Amino acid sequence: MKNAWRKDKTSHSLPEVFSSISIPKKSGFWRKYLAFAGPGLMVAVGYMDPGNWATDIAGGSQFGYTLLSVILISNIFAMVLQHLSVKLGVVAERDLAQACRDHFKPTTNFILWIFCEIAIAACDLAEVIGSAIALNLLFGIPLTWGIVITTIDVLIILLLQAKGFRWIESIVAGLMFIILVCFGYEIIISKPEINAILGGLIPQKEIITNPAMLYIGIGILGATVMPHNLYLHSSIVQTRDYTRDREGKKEAIKYATLDSTVSLLLAFFINAAILILAAATFHTTGNEHIADIHDAYKMLTPILGASMASIAFAIALLASGQNSTLTGTLAGQIVMEGFLNIRLKPWLRRLITRLIAVIPALIVAIIYGEQGTTDLLVLSQVILSMQLSFAVVPLVIFTNDKAKMGEFVNKPFLKICVWIISIVIIILNLYLLYQTFFGE
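The structure contained in this document is the topic of the report that follows. The shown structure was predicted, so the numbers you read here are calculated from the model rather than taken from an experiment.

With that settled, the discussion passes to the overall build of the protein chain. The helix and strand tally for the protein chain stands at 18 helices and two strands. Relative to the globule expectation of 22 Å for 440 residues, the C-alpha radius of gyration of the protein chain, 21 Å, shows essentially globular dimensions. Expressed as lengths along the three principal axes of its C-alpha atoms, the size of the protein chain is roughly 60 × 50 × 45 Å. Expressed as a percentage of its 440 residues, the buried residues of the protein chain come to 59%. Here the analysis covers contacts within the protein chain between residues at least 6 apart in sequence; of these, 85% occur between residues at least 24 apart. As displayed, the protein chain offers around 17,500 Å² of accessible surface, 71% of which is attributable to carbon and sulfur atoms. The centroid of the 32 positive side-chain charges in the protein chain is displaced by 13 Å from the centroid of its 29 negative side-chain charges.

This part takes up the environment of glutamate 93. Position of glutamate 93 relative to the elements: it lies in the loop between helix 4 (68-92) and helix 5 (96-103). As a C-alpha pair, glutamate 93 and serine 13 span 80 residues in sequence and 8.3 Å in three-dimensional space. Beyond its immediate sequence surroundings of up to four residues, glutamate 93 is in contact with Lys9, Leu88, Gln98, Gln238, Arg244 and Lys249.

Our focus in this paragraph is helix 12 (residues 227-236). Of all 10 residues making up helix 12, 10 are buried, and the element is well covered by its neighbours. Among all positions in helix 12, only Pro227, His228, Asn229, Leu230, Tyr231, Leu232, His233, Ser234, Ser235 and Ile236 are buried.

Moving on, we come to the side chain of threonine 239. On the secondary structure map, threonine 239 appears in the loop between helix 12 and strand 2 (240-241). On the basis of relative accessible area, threonine 239 is assigned to the buried category, the value being 1%. Within the local environment of threonine 239, its side chain forms a polar contact with the backbone oxygen of isoleucine 236, the two atoms lying 2.6 Å apart. Residues in contact with threonine 239, not counting those within four places in the same chain, are Val17, Phe18, Ser19, Ser20, Ile21 and Phe165.

Quick look at the packing of helix 6 (residues 106-139) against helix 15 (residues 307-340) now. Relative orientation of the contacting elements helix 6 and helix 15 amounts to 160°, with a least axis distance of 8 Å. On the basis of their axis angle, the class for helix 6 and helix 15 is roughly antiparallel. Crossing handedness for the pair helix 6 and helix 15: left-handed.

Together, Trp347, Leu348, Leu351, Ile352, Leu355, Ile356, Ile359, Ile363, Ile366, Ile367 and Tyr368 make up an exposed nonpolar region whose accessible area comes to about 1,100 Å². You can see isoleucine 367 is positioned in helix 16 (residues 346-399). Take isoleucine 367: its relative accessible area is 57%, and that puts it in the exposed class.

The next subject is the pattern of salt bridges. In total, this model carries nine salt bridges according to the counting rule given. Across the pair arginine 244 and glutamate 93 runs a salt bridge whose closest N-O atoms are separated by 3.8 Å. With a gap of 151 residues between them, arginine 244 in the loop between strand 2 and helix 13 (246-283) and glutamate 93 in the loop between helix 4 and helix 5 connect regions that are remote in the sequence. Since its relative accessible area comes to 27%, arginine 244 is described here as partly exposed. Between arginine 240 and glutamate 169 there is a salt bridge, and its shortest N-O distance comes to 3.0 Å. Residue arginine 240 is found in strand 2, and its partner glutamate 169 is found in helix 8 (residues 165-190); the two are separated by 71 residues along the sequence. Taken together, the shared-partner salt bridges in this structure form one network comprising Glu93, Arg244 and Lys249.

This part is about the packing of aromatic side chains. Inspection of the entire model under this criterion finds 11 aromatic pairs. Positioned above the aromatic ring of tyrosine 242, the side-chain terminus of arginine 244 is 3.9 Å from the ring centre. A cation over a ring is seen here: lysine 404 above tryptophan 5, with NZ or CZ 4.8 Å from the ring centre.

What follows deals with the nonpolar core. Judged by nonpolar contacts, the single largest core of 131 residues is most densely connected at Leu67, Leu88, Phe183, Ile293, Phe313 and Phe339. At 18 residues, helix 13 tops the list of elements feeding residues into this core.

Its location among the elements puts proline 142 in the loop between helix 6 and helix 7 (143-163). Owing to a relative accessible area of 43%, proline 142 belongs among the partly exposed residues under this scheme.

A separate point is the environment of aspartate 241. Considering the arrangement of structural elements, one finds aspartate 241 in strand 2. Looking at aspartate 241, the relative accessible area reads 31%, which means it is partly exposed. For aspartate 241 and alanine 252, which are 11 residues apart along the polypeptide, the C-alpha to C-alpha distance reads 9.5 Å.

Right, let's get into the side chain of aspartate 259. Along the polypeptide, aspartate 259 turns up in helix 13. Lacking a salt bridge, the buried aspartate 259 has arginine 240 as its closest oppositely charged neighbour, with an N-O distance of 6.0 Å. Beyond its immediate chain neighbours, meaning those up to four positions away, aspartate 259 contacts Tyr33, Phe36, Ala37, Gly38, Pro39, Gly40 and Leu41.

The rules behind these values
Residues numbered from 1 in each chain as written. Predicted model: local features only at pLDDT ≥ 70, side-chain atom pairs only at ≥ 80, totals over all residues. Heavy atoms only, no water. Helix = DSSP H or I, 4+ residues; strand = E, 2+ residues; numbered from the N terminus. Rg over C-alpha atoms; globule rule 2.2 N^0.38 Å. Buried < 20%, exposed > 50% of the residue type's maximum accessible area, 1.4 Å probe, protein only. Contact = heavy atoms within 4.5 Å. Areas by Shrake-Rupley, 256 points an atom, 1.4 Å probe, with all protein chains shown as cover. Lys, Arg positive; Asp, Glu negative; His and termini not counted. Charge placed at Lys NZ, Arg CZ, Asp CG, Glu CD. Polar contact = N/O pair within 3.5 Å; in protein donor to acceptor, adjacent residues only side chain to side chain. Axes fitted to C-alpha atoms, helices over the stretch in contact; angles between N-to-C directions. Parallel < 35°, antiparallel > 145°, perpendicular 65-115°, else oblique. Left-handed = near helix turned anticlockwise from the far one by under 90°. Patch = residues over 30% accessible without salt bridge, like charges linked within 9 Å, V, L, I, M, F, W, Y side chains within 5 Å. Salt bridge = Lys/Arg side-chain N within 4 Å of Asp/Glu carboxyl O. Phe/Tyr/Trp six-rings, centres within 6.5 Å; stacked < 30°, edge-to-face > 60°. Lys NZ or Arg CZ within 6 Å of the ring centre and 35° of its normal. Core = buried A, V, L, I, M, F, W, Y, C linked by side-chain atoms within 4.5 Å.

This is the structure we're talking about:
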C-alpha cells in the first residue's frame, strides 16, 4: 500500500496531539464509543455556525417548513462525506491536505491551498460577525467593538490547547449543549405544527421550480456542508491512540463514523430547529420578510410573548460563534501545515487567520453598519459553497482509489453515491454562482 503514495509520510497531522488520547483495549462498546467520541462534535459545530442561521431564518420565514427537506438532504450528504474523511485519516494516516500535497503537482496544491484559506477566512468572517451580533444583542455592545472583542478569544483558546485535546472537545460539547437547551426551549414555546414539520421533511417539487426557494435551498446546502470540516476531521480522528494495524483501523473507522453521524444528527436538530422556529414564529404570522439575525431577535419576544425567547436565541448564537471559531482555527493549522509543510506557532497562525477575517468585517461594520454585516454573512456562505467542490472531489478520488486505500477502498455502491453527491454539489454551486452574479 505504501507505493500508492509518492512520498513516505514525514510528519503527523497536528503532531502536538497525534495519538494522544488513549483507547481502552479490552472493554465494552460504550467505553470505546466514549473514547472515540469528540471529533464528531467538533465537526458538527461547523454545521451550525452563524452563517447557517442566516439561511435557515430566511428559509423558514419565507417558505414555512418546506425547506426542512433540504436541511435533511444536506445532512445526509454531510454524514457520507465525513465518513470518507474519517476513512482517509485512519487508513492513509494523513489528513486531506497532506494527501493532496502527495498526490497533486505543486501548482495545483498551491491553488487548492489558496482556495482553502479563502474558505477558512470566509468562515471565520461569519463567526466573527455572528459573535459580534450576539454581543450586540445581549449587552448592547456596538458591532465594531464586538468584532474587536471576538478577536481576543484567541488567547483563551490557546491556553486550552496547551492543556490537551480533550479540553477543547469538552468545551465544544459544553457550548453545543447550551445551543441545544436554548433551541429546545424556543421550540416548546413557539408551538410548531407537528404535521407541518413532518410534511416539510418530504422534498417538494417547488423547491426546484421556485427560483427564490432554490436560491435559499442552495444557500442552506452551502452553509451545511463545510469544506474545511473535511480537512479537520481527517486530521483530528488521528488524535486517538488506536492500534495502527488492520483490526485497529477497522475499529477506529467504525467508532469514529458512529461519533460523527450521531453528532451530525444533533447538528440537524439544531439547524432544523432554527428553521422551524422561523416558520412557526414569522411565516405563520405574516412576517415573511424577516431574513436576518437582528430582525429575528427583535421579533421573537413580541410574537411569542416570552421575554426569554430573544435572550435564549442570542446566547445560542454566541455559543455557536465561539464554537465555530475554535474549530476554524484548528482547520487553518491543518491546512497550512498539510499543503505547505510550514509549521507556525499556533498563536501566530491563529492571529493571521483572525486578522484576515476581522479586517473586512471591521471595515464593513464601520462603513455600512448592521445591514452591511448581514450581507457579508450571506456572501461568506456563497464563498464557502464555491470552495466545497475543491475539497470534496480530491476526497472522493482518494477514497475511491484501491492503490491508496487497499481493502478499505469505497465499495462499488458507495463509489456511485459519493460521485452523485459530488456532482449534485458542483451543479448546485455553479447555479448559485450564476444566480448571485447574473441573476435577477
